[in-house]
Amino acid sequence: MWLRTVCFYVLGTLSLILHIPVLLISFTRPLERRYYRLFSFGRSILWLARHVTGIRYEVQGLDQVPKEGGSVVLPKHQSTWETMFLPTVLRLAAFVLKRELLRIPIFGQGLQGIEAIAIDRAAGRQALEQIMEKGAAALAQGRDVVIFPEGTRTRPGARPHYRIGGAKLAVHAKATVIPVAIDSGCLWPKQGFLMRPGTIHVVFGPPVETEGRTASEVNAIVQDWIETKQEELYQRYGCPTRLPDTAR
């Protein structure tokens with residue numbers, strides 16, 4: 001596992017460097033074509049994860065995601081893996097992410113190219129206003145807006161804390177919410193170096209309609225569904241990196 005993990009990171013870095021010409025050429029293209037070209041990097045990472053480290057994946061419930069886009073997608077966030085996977089199945093996914101990521105060489109320019117929604121998380125109310133404004137604009141363009149409700153990667157089994165920004169955007173824009181359970185942290189953990197071979201399970205939940213509901217109600221529904229499904233995944237498939245009960 002150690003050797004495979006080292007090879008993965010070396011080849012992943014090489015892939016990023018080789019995408020510099022793609023990055024430069026893509027900025028002359030419309031968003032839809034630019035998006036597809038730039039996320040060839042994400043597809044290369046998924047390919048390397050499968051063929052170098054042995055990480056595969058299974059997807060359930062994708063048919064519940066509207067193909068025309070315009071949904072607010074609220075996924076569990078345990079690993080880098082889902083940031084590479086979700087753009088392959090969502091429509092022109094607009095990720096809400098911390099502004100610091102734009103400073104990463106090459107990768108940050110790629111995020112700008114796909115028009116990610118970068119916010120200053122320390123800005124408080126102003127950050128929420130940015131999500132409302134830019135998120136609503138992306139939804140109006142038929143893009144799916146992806147917001148990790150816990151704000152950052154969490155370890156499997158960690159006590160959940162769902163922020164309300166994604167639910168507020170959905171209610172504000174009258175958009176459908178799609179909850180997503182993902183157990184990626186069991187194989188590609190937030191902490192530690194080794195990547196374990198196995199299968200990541202992705203489950204798209206039933207759409208949550210926001211009409212007639214408050215943001216708090218939507219957030220509670222999403223949290224309950226995701227955390228219940230996460231527990232089912234841990235129980236069914238196991239999770240070697242899951243926190244023990246005493247650490248939660």
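Below, the structure is looked at part by part. (Residues numbered from 1 in each chain as written. Predicted model: local features only at pLDDT ≥ 70, side-chain atom pairs only at ≥ 80, totals over all residues. Heavy atoms only, no water.)

### Let's talk about the packing of helix 7 (residues 125–140) against helix 8 (residues 165–173)
The criterion, for reference: Where helices are involved, their axes are fitted lines through C-alpha atoms of the stretch in contact, as for all axes, and angles between N-to-C directions lie from 0 to 180°. A run of H or I in DSSP becomes a helix once it reaches four residues, and a run of E becomes a strand once it reaches two; helices and strands are each numbered from the N terminus. Put simply, angles under 35 degrees are roughly parallel, angles over 145 are roughly antiparallel, angles from 65 to 115 are roughly perpendicular, and the rest are oblique. In this scheme, a crossing is called left-handed if the near helix is turned counterclockwise away from the far one by less than a right angle; it is called right-handed if the turn is clockwise. When checking whether two residues touch, look at their non-hydrogen atoms; a contact exists if any pair is within 4.5 Å. For this classification, the nonpolar set comprises Ala, Val, Leu, Ile, Met, Phe, Trp, Tyr, Cys and Pro, the charged set comprises Asp, Glu, Lys and Arg, and every other residue, Gly included, is treated as polar.
Their axes nearest at 9 Å, the elements helix 7 and helix 8 cross at an angle of 50 degrees. If you check the angle between helix 7 and helix 8, you find them oblique. You can see that helix 7 and helix 8 cross each other, and the crossing is right-handed. Of the residues in helix 8, those in contact with Leu-128, Ile-131, Met-132, Gly-135, Ala-136 and Leu-139 of helix 7 are Gly-165, Lys-168, Leu-169, His-172 and Ala-173. Its residues placed into classes, the contact of helix 7 with helix 8 shows 7 nonpolar, 3 polar and 1 charged.

### Considering a nonpolar patch on the surface
The condition is simple: Exposure above 30% relative accessible area and the lack of any salt bridge qualify a residue for a patch; like charges then connect within 9 Å, and the nonpolar side chains Val, Leu, Ile, Met, Phe, Trp and Tyr within 5 Å. Only the protein chains shown count as cover for residues, and the accessible areas themselves come from Shrake-Rupley with a 1.4 Å probe. Here a salt bridge means any side-chain nitrogen of Lys or Arg lying within 4 Å of a carboxyl oxygen belonging to Asp or Glu. A simple rule labels every residue: compare its accessible area, found with a 1.4 Å probe on the protein chains alone, to the largest value its type can have, and call it buried under 20%, exposed over 50%, or partly exposed in between.
Together, Trp-2, Leu-3, Tyr-9 and Phe-193 make up an exposed nonpolar region whose accessible area comes to about 460 Å². Among the secondary structure elements, Phe-193 is positioned in the loop between strand 6 (177–182) and strand 7 (198–204). Among the residues examined, Phe-193 registers a relative accessible area of 39% and is labelled partly exposed.

### Description of the nonpolar core
Here is the rule we go by: Only buried Ala, Val, Leu, Ile, Met, Phe, Trp, Tyr and Cys residues count toward a nonpolar core, and they belong to the same one when joined by side-chain atoms within 4.5 Å.
Ranked by size, the top nonpolar core spans 39 residues in total, and within it Phe-8, Trp-81, Leu-86, Leu-90, Val-146, Val-202 and Phe-204 carry the most contacts. Among the secondary structure elements, those contributing two or more residues to this core are helix 1 (2–18), helix 3 (31–38), helix 4 (40–51), helix 5 (81–85), strand 3 (94–98), strand 6 and strand 7. Ranked by residue count, the leading element in this core is helix 4, at 5 residues. Not counting residues within four places of it along the chain, the set of residues in contact with Leu-90 comprises Val-65, Val-73, Asp-144, Val-146 and Phe-204. Counting 24 residues, the second largest nonpolar core, distinct from the first, contains Val-72, Ile-117, Leu-169 and Val-218.

### Here's the deal with the packing of aromatic side chains
Any two aromatic rings considered together are summarised by their centre-to-centre distance and by the angle between their planes. Put simply, the test is: Aromatic pairs are defined between Phe, Tyr and Trp rings, using the six-membered ring for Trp, whenever the two ring centres lie within 6.5 Å; interplanar angles under 30 degrees are classed as stacked, those over 60 as edge-to-face, and all others as tilted.
Following the criterion strictly, the structure yields 9 aromatic pairs and no others. Taking 5.3 Å as the distance between ring centres and 80 degrees as the angle between the ring planes, the aromatic pair formed by Phe-8 and Tyr-9 counts as edge-to-face. Residue classification places Phe-8 among the buried residues on the basis of a relative accessible area of 3%. Tyr-9 sits in the partly exposed class, given a relative accessible area of 34%. Judged by centre distance (6.2 Å) and plane angle (40 degrees), the rings of Phe-95 and Phe-148 are tilted. Linking Phe-95 in strand 3 with Phe-148 in the loop between strand 5 (145–146) and helix 8, this pair joins segments that are 53 residues apart in sequence. Members of the aromatic cluster, joined through ring pairs, are Phe-8, Tyr-9, Trp-188 and Phe-193.

### Side note on the pattern of salt bridges
If you walk through the whole model with that rule in mind, you get 8 salt bridges. With a closest N to O distance of 3.8 Å, Arg-91 and Glu-32 form a salt bridge. One end of the pair, Arg-91, is in the loop between helix 5 and strand 3; the other, Glu-32, is in helix 3, and 59 residues separate them in sequence. Note that Asp-120 and Arg-99 form a salt bridge whose closest N and O atoms lie 3.3 Å from each other.

### A word on the sheet that holds strand 7
The condition is simple: Pairing between two strands is assigned when DSSP locates at least 2 bridges connecting them.
Spatially, 1-7-6-2-5-3-4 is the arrangement adopted by the 7 strands of the open sheet, whose pairing is mixed. Two strands close off the open sheet at either side, each with one partner strand: strand 1 (55–60) and strand 4 (117–119). In the sheet, strand 3 pairs with strand 5 via 2 bridges, with the strands oriented parallel. Bridge pairing links Ala-94 to Val-145 in strand 5. Lying over the sheet, helix 8 contacts strand 2 (72–75), strand 5 and strand 6, oriented at roughly 160 degrees with respect to strand 2.

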